[in-house]
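Listed here are the chains, written in short residue letters.
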Amino acid sequence: MTGGGDVILPYANQNISSVFHDPDSHSHSSNAAKMLAKHQIGVLSTGETTPDRDTKESDGVSTSDNEYPRISESKIQYQDFSLDLRKGVVWQLVHLTVPRYLEVVHNPVYVPNLRLFDGFMEAFSRTKWWVIPLVWVPTIIGFVIYGLQGNAPITAIERYLRPSSPQFSVLAVLLCLLVGLFFWTKLEYVKHRYLFHMDEKIPGSLGIFIHFILHGIHHFVPLDRDRLVFPPAAAIPFATLYHYFFSLFFPFTIKWLVTAGFLAGYILYDLIHYYLHHGVPTPDSYFGDLKTYHLKHHYKNPRRGFGVSNKLWDYVYGTVLELSLIHI
């Protein structure tokens, strides 16, 4: 992804309508045009005609069929309904039909400090990025120590994992952690594709409620810094569930190490996700590539590109986004 002064300054004091819509110069998504429409302050009467790309004229203002809403301090005004910003928006969205709800959440807006809930629940829905390592890094260290020093009987395979055993191997410990990390990468893809983007399969109002608090709000306001990482209060039940799942297949020490690796994968995912939205990686770096990739998922094609921390499972399941075609 390129942009900034190097792209803009050569066109200072010029009409850039044709350039904005020219894919050979620097193509933009329809969402980019909608978000710019919010900042319109007037219309120049020059007699010029410019490409409008699936747009229509209304009262001198060019808008797309999915019009970017009018936003004030108190509400977001759409053509057919409005959201009261003084109240929790999730309770207002559940009254929409599923198709209309999907149109809304997949056309992002910029609204600082959007309220998700009313009352005390709102505070629990916001999380600073640094809370994630603060809570989960000590948890992971504790899981590793407890697993290695546990008093449970040692199975044949666990003799490589207990420091008290002469056959103890650091490589075996690392292997267990990597197994957990691998499990996370698969879950990252599956939950993003089949849960967070179940879209047309959302079952009515209750489904809209669950979808919006899990992921819809992030697509609706992707620049909200406090709506990116998963609140620990909500993550703890899920972590407990996966730990018991691992208990069905692994003996004592291995299950604790695999859970620790799994949680390490989660931490990396959450922090990488935050960095992709708010960091400034070098364009040709691994994270620069991921940033471009993930922003296209948000602004151009939410039905592909489900990998966030990596693209492994997008390649495996054929949902990879081609970077050569990406222009934000």
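Check the entry above for the structure.
Predicted model only: the values in this text are computed from it and were never measured.

**Observations regarding the environment of Gly305**
Part 1 of the reasoning: One can find Gly305 in the loop between helix 13 (286-299) and helix 14 (312-317).
Part 2 of the reasoning: Residues in contact with Gly305, not counting those within four places in the same chain, are Tyr293, His297, Asp314, Thr319 and Leu321.

**Thoughts on the sheet that holds strand 4 (residues 75-77)**
Part 1 of the reasoning: Strand order in the open sheet made by the three strands is 3-4-5, with antiparallel pairing throughout. The open sheet terminates on both sides in strands that have one partner only, identified here as strand 3 (70-71) and strand 5 (82-84).
Part 2 of the reasoning: Across three bridges, the pairing between strand 4 and strand 5 is antiparallel. Pairing of Ile76 across the sheet is with Leu83, part of strand 5.

**A word on the packing of helix 12 (residues 252-278) against helix 13**
To characterise two packed helices, one gives the angle between the axes of the helices and the distance between these axes.
Part 1 of the reasoning: Running from amino to carboxyl end, helix 12 crosses helix 13 at an angle of 80 degrees, the nearest separation of the two axes being 9 Å. Judged by the inter-axis angle, helix 12 sits roughly perpendicular to helix 13. Here Ile272, His273, Tyr275, Leu276, His277 and His278 of helix 12 lie close against helix 13, whose contacting residues are Phe287, Leu290, Lys291, His294, Leu295 and His298.
Part 2 of the reasoning: When its residues are assigned to classes, the contact of helix 12 with helix 13 shows six nonpolar, five polar and one charged.

**Some details on the pattern of salt bridges**
Part 1 of the reasoning: Enumeration according to the criterion identifies 11 salt bridges in this entry.
Part 2 of the reasoning: A salt bridge links Arg86 to Asp84, with the nearest nitrogen and oxygen atoms 3.0 Å apart.
Part 3 of the reasoning: One salt bridge connects Asp224 with Arg126, and the closest N-O pair in it is separated by 3.6 Å. With Asp224 in the loop between helix 10 (204-220) and helix 11 (232-247) and Arg126 in the loop between helix 7 (121-124) and helix 8 (131-149), the pair connects residues that are 98 residues apart, well separated along the chain.
Part 4 of the reasoning: Classification of Asp224 as buried rests on a relative accessible area of 10%.
Part 5 of the reasoning: Via salt bridges that share partners, Glu122, Arg126, Lys128, Asp224, Asp226 and Arg227 belong to a single interconnected network.

**Structural notes on a nonpolar patch on the surface**
Part 1 of the reasoning: A cluster of nonpolar side chains, contributed by Phe182, Phe183, Leu312, Val316 and Tyr317, occupies part of the molecular surface with about 450 Å² of accessible area.
Part 2 of the reasoning: Every element with two or more residues in the nonpolar patch is listed here: helix 9 (170-195) and helix 14.
Part 3 of the reasoning: With respect to the element layout, Tyr317 can be found in helix 14.
Part 4 of the reasoning: Looking at Tyr317, the relative accessible area reads 39%, which means it is partly exposed.

**Focus: the side chain of His278**
Part 1 of the reasoning: As for its position among the elements, His278 is in helix 12.
Part 2 of the reasoning: Leave out the neighbours within four places in its chain, and His278 touches Pro222, Leu223, Asp224, Arg225, Leu228 and Lys291.

**Thoughts on the environment of Asp270**
Part 1 of the reasoning: Structurally, Asp270 can be placed in helix 12.
Part 2 of the reasoning: Spatially, the C-alpha atoms of Asp270 and Ile132 are 7.8 Å apart, while their sequence positions differ by 138 residues.
Part 3 of the reasoning: Within polar-contact distance, the side chain of Asp270 engages the side chain of Tyr266 at 2.6 Å.

**Section: helix 10**
Part 1 of the reasoning: The end-to-end C-alpha separation of helix 10 is 19 Å, well short of the 24 Å expected for 17 residues at 1.5 Å each.
Part 2 of the reasoning: Within helix 10 the residues assigned to the buried category are Gly207, Ile208, Phe209, His211, Phe212, His215, Gly216, Ile217, His218, His219 and Phe220.

Thresholds applied
Residues numbered from 1 in each chain as written. Predicted model: local features only at pLDDT ≥ 70, side-chain atom pairs only at ≥ 80, totals over all residues. Heavy atoms only, no water. Helix = DSSP H or I, 4+ residues; strand = E, 2+ residues; numbered from the N terminus. Contact = heavy atoms within 4.5 Å. Pairing = 2+ DSSP bridges. Axes fitted to C-alpha atoms, helices over the stretch in contact; angles between N-to-C directions. Parallel < 35°, antiparallel > 145°, perpendicular 65-115°, else oblique. Nonpolar A, V, L, I, M, F, W, Y, C, P; charged D, E, K, R; others polar. Salt bridge = Lys/Arg side-chain N within 4 Å of Asp/Glu carboxyl O. Buried < 20%, exposed > 50% of the residue type's maximum accessible area, 1.4 Å probe, protein only. Patch = residues over 30% accessible without salt bridge, like charges linked within 9 Å, V, L, I, M, F, W, Y side chains within 5 Å. Areas by Shrake-Rupley, 256 points an atom, 1.4 Å probe, with all protein chains shown as cover. Polar contact = N/O pair within 3.5 Å; in protein donor to acceptor, adjacent residues only side chain to side chain. Expected span 1.5 Å × (residues − 1).

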